[in-house]
Amino acid sequence: MKNILFIGIFHETNCFIKQKTLLKDFEILKKKEILNLTNDFSQISGFLNFCKNKNLNVFPTVSFTATPSGIVENKVFEIFWKKFIKIFNKIKQNKFDAIYLSLHGAMVTEKIFDVEGELLKRLKKIKTLKNIPVFGVFDLHANFTKKMAKLSNALICYQKNPHTDSYKIAYRAAKIMYDSLNKKLIPKTYYMNAKILWPPSGTSTLKNPMRKLESEARKYEKENKNILAINVIAGFAYSDVPENGVAFSVIATNYKNVSIIIKKLVLLANKLKLKGLVKEYDLKKIITMISSKKFNQPVLLIESADNIGGGSPGNTTDVMRSLISNNIKNSGVIINDPLNVKKLKNVKVGDFCKLIIGDMQNYKKQNQMILKVKLINKTNGRFTLEDKQSHLAASRGEKINMGNCALVQCSGVYILLTSIKTPPFDLGQWKSQGLDPAKLTAIGVKAAAAYRQAYDKISRISYNVKTSGPCQSDLNKIKYKNVIKKSFFPLNS
Ligand SMILES: [Zn+2]
């Protein structure tokens, strides 16, 4: 029976958010707690179920996971490492056949640009692990580095955005591990950076450039026997790190045709680079259009600048303000606002209350709005994913907790206030609060691309609108310190 050492660390770090991500923001699982994650569509579940099917002996150690957010305090990684070493020391007498990592791939701490590379470096320094091959799974919004390529054998990334395949890819990565160990033919990773930054809103695999790059990668995979996998890595433009951007990695048993293929993919990405930039509409114009025309489905107002899945706080008010001041009746927005939820604790359903909605920490005062609202509903904010394979399942499993919630109404606009920011990737978010989103006239959606898996079911009318927030689609507006501007499109054009 083969012994597999498991480690998980999962965070997408947006370096342009003022609040740091703290230890308390992470869900920490240890040893046997990890083995319980077999009943959802998360990547850990995909790995564990493969191991179960093939009778592999998993040694679970630690798993740290947090929702995308600001720079991670350094202490988090050091505590993660300490916990791992403590558990590892108790099991180190075992002979391990492989290490399997469950990663995001875009984690940044106050001191470390490349957390995943640092983890690999530390693992390789442990004498008994030095020569153990490393496999694993990661999110396609990773910033893949030289260290990650050099110190791992086969890290495999998702092929879909929205990420409906995290379980499947984790399973596939485990199969690559299993086959490699059985054949005693351990692959290597080759990679190349394409020197392109795309905002997350331009990286949906339902559209070009990602769709075309994905299909080319699958074609090369099929044609070449020595190639086990090709990763099309979209990068995460809001991590301010030197090794950022679109990259390709090839997992192969020999180098034969790898360099030609990788170069062809880099060339194709450069040919398609303009397609990854996103056109944003003027919010005022779209709202005017909504108020003058009748639509048979909700109009989706995509606020990618406040993309929760990209680490934003989820509390800008531009869209809410426009809907209210233009009297767009029966429309809705979701704002993360724990303070106001608390304030509404003693208000009765049906009563009115004055609230100040809007974040002061990240934005200017214009973001705030004083509103007289009617309380419609209060809940504990827990719901089960309506779509079990939703993008959310990748990191959070199928039971979602938005914290205590309050649904309020002002001038016919529904405002769902949450206590834990939750990316809008599942319609259960609305339905669990007693509101059917399909019946709304317009909905503000704080996301980049991953909302589509859920919202495509109720509407095909969507507009990316220009609003405030840290996840600006126009990357030239971002104040990078560590990304070398002259090297990356579109900063150099
Ligand atoms: Zn992602």
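These figures come from a predicted structure and were not determined experimentally.

Q: Teacher, can you tell me more about the overall build of the protein here?
A: What the protein contains, in helices and strands, is 14 helices and 19 strands. Within the protein, the proportion of its 493 residues that are buried is 55%. Long-range contacts, defined as pairs at least 24 residues apart, comprise 77% of the intrachain contacts of the protein with a sequence gap of at least 6.

Q: Where do I start with unusual backbone geometry in this structure?
A: Glycine aside, the phi torsion of most residues is negative, and most peptide linkages are trans. The omega torsion of the bond from Asn-208 to Pro-209 falls at 10 degrees, within 30 degrees of zero and hence cis. Its place among the elements puts Pro-209 in the loop between strand E7 (188-193) and helix H7 (210-223). In this structure, the amide linkage connecting Phe-489 to the following residue, Pro-490, adopts the cis form with an omega of 0 degrees. At Asn-55, a residue that is not glycine, the phi angle is positive and equals roughly 60 degrees. Structurally, Asn-55 can be placed in the loop between helix H2 (43-53) and strand E3 (57-65). Under the C-beta neighbour-count criterion, Asn-55 is labelled exposed, with 8 such atoms within 10 Å. At Asn-327, a residue that is not glycine, the phi angle is positive and equals roughly 55 degrees. Relative to the elements of secondary structure, Asn-327 occurs in the loop between helix H10 (318-325) and strand E11 (331-336).

Q: Hey, could you run me through the environment of Phe-488 in this one?
A: The residue Phe-488 is located in the segment after strand E19 (462-464) in this model. For Phe-488, a count of 22 C-beta atoms within 10 Å gives the class buried. Remark: the alpha-carbon pair of Phe-488 and Trp-198, spanning 290 residues in sequence, is separated by 10.0 Å. Aside from chain neighbours lying at most four places away, what touches Phe-488 is Lys-195, Ile-196, Leu-197, Gly-245 and Val-483.

Q: Honestly, the nonpolar core in this entry has me stumped. Any pointers?
A: For soluble globular proteins, the rule of thumb is that nonpolar side chains tend to be buried together. By size, the foremost hydrophobic cluster in this structure holds 156 residues, and its most contacted members are Tyr-100, Ala-154, Ala-173, Ala-174, Ile-233, Phe-248 and Ile-415. Sorting elements by how many residues they give to this core places helix H6 (residues 166-183) first, with nine residues. Split by domain, the residues of this core number at least three in each of domain 1 (3-276) and domain 2 (283-472).

Q: I keep staring at the domain arrangement of the protein and nothing clicks. Help me out?
A: Accessible area lost upon the coming together of the parts is a frequently used measure of interface size. Once the domains are mapped, the protein shows domain 1 (3-276) and domain 2 (283-472). Inter-centroid distance (C-alpha atoms) of domain 1 to domain 2 is 31 Å. Contacts between the two partners involve 28 residues from domain 1, matched on the other side by 26 residues from domain 2. Residue composition of the side of domain 1 that touches domain 2, grouped by class: nine nonpolar, 16 polar and three charged.

Q: Help me understand the sheet that holds strand E9 (residues 247-252), please; the structure alone is not making it clear to me.
A: Across a sheet, paired strands are connected by hydrogen bonds in the backbone, their directions being either parallel or antiparallel. Within the open sheet, the three strands sit side by side as E7-E9-E8. Their pairing is antiparallel. Each having just a single partner strand, E7 and strand E8 (227-233) make up the two edges of the open sheet. Each strand axis lies, on average, 15 degrees off the axis of its neighbour in the sheet, ignoring direction. Bridge count for E8 against E9 is six bridges, and the pairing is antiparallel. Its bridge partner being in E9, Ile-227 is matched across the sheet by Ala-252.

Q: It is not clear to me how the sheet that holds strand E6 (residues 154-157) should be interpreted in this structure. Could you clarify?
A: Sheet architecture is open: six strands sit in the order E2-E3-E1-E4-E5-E6, paired in mixed fashion. In this open sheet, the two edge strands, each paired with only one partner strand, are strand E2 (27-30) and E6. Taking each pair of neighbouring strands and ignoring which way they run, the sheet shows an average axis angle of 15 degrees. Strands in contact with H2 are strand E1 (3-10), E3, strand E4 (98-103) and strand E5 (134-138); relative to E4, the strand with the most contacts, it is inclined by about 155 degrees. Its contacts with the sheet put H6 on E4, E5 and E6, and the angle it makes with E6 is roughly 155 degrees.

Q: Hey, could you run me through the pairing of E5 in this one?
A: Side-chain direction in a regular strand flips from residue to residue, so the side chains alternate between the two faces of the sheet. Summarising burial for E5: five of the five residues are buried, a large majority. Judged by which residues are buried, E5 turns out to be covered on both faces: Val-134, Gly-136 and Phe-138 on one side and Phe-135 and Val-137 on the other are all buried. Alignment of E4 against E5, held across four bridges, turns out to be parallel. Residue pairing across strands places Ser-102 opposite Val-137, the latter belonging to E5.

Q: Explain the environment of Asn-336 here, please?
A: Inspection of the secondary structure puts Asn-336 in strand E11. Under the C-beta neighbour-count criterion, Asn-336 is labelled buried, with 23 such atoms within 10 Å. When the C-alpha atoms of Asn-336 and Ile-357 are compared, they prove to be 9.6 Å apart, with 21 residues separating the residues in sequence. Sequence-distant contacts of Asn-336, that is, excluding residues within four places in its chain, are made with Pro-313, Gly-314, Asn-315, Thr-418 and Lys-421.

Q: Explain the packing of H2 against H6 here, please?
A: The description of two packed helices rests on the angle between their axes and on the distance between the axes. Running from N to C, H2 and H6 cross one another at 40 degrees; their axes reach a closest spacing of 7 Å. In terms of orientation, H2 lies oblique with respect to H6. Judged by the twist between their axes, the crossing of H2 over H6 is right-handed. Facing Gln-43, Ser-45, Gly-46, Phe-47, Asn-49, Phe-50 and Cys-51 of H2, the residues of H6 in contact are Ser-166, Tyr-167, Lys-168, Ala-170, Tyr-171, Ala-174 and Lys-175.

Q: I keep staring at helix H4 (residues 115-125) and nothing clicks. Help me out?
A: Because an α-helix packs 3.6 residues into every turn, residues spaced three or four apart end up facing the same way. Along H4, the residues classified as buried are Val-115, Glu-116, Gly-117, Glu-118, Leu-119, Leu-120 and Leu-123. Lining the buried residues of H4 we find E1, helix H3 (74-91), E4, E5 and helix H5 (146-151).

What counts as what
- Residues numbered from 1 in each chain as written.
- Predicted model: local features only at pLDDT ≥ 70, side-chain atom pairs only at ≥ 80, totals over all residues.
- Helix = DSSP H or I, 4+ residues; strand = E, 2+ residues; numbered from the N terminus.
- Buried ≥ 20, exposed ≤ 12 C-beta atoms within 10 Å, placed from the backbone.
- Contact = placed C-beta atoms within 7 Å.
- Core = buried A, V, L, I, M, F, W, Y, C linked by C-beta atoms within 7 Å.
- Domains from an automatic or database assignment.
- Nonpolar A, V, L, I, M, F, W, Y, C, P; charged D, E, K, R; others polar.
- Pairing = 2+ DSSP bridges.
- Axes fitted to C-alpha atoms, helices over the stretch in contact; angles between N-to-C directions.
- Parallel < 35°, antiparallel > 145°, perpendicular 65-115°, else oblique.
- Left-handed = near helix turned anticlockwise from the far one by under 90°.

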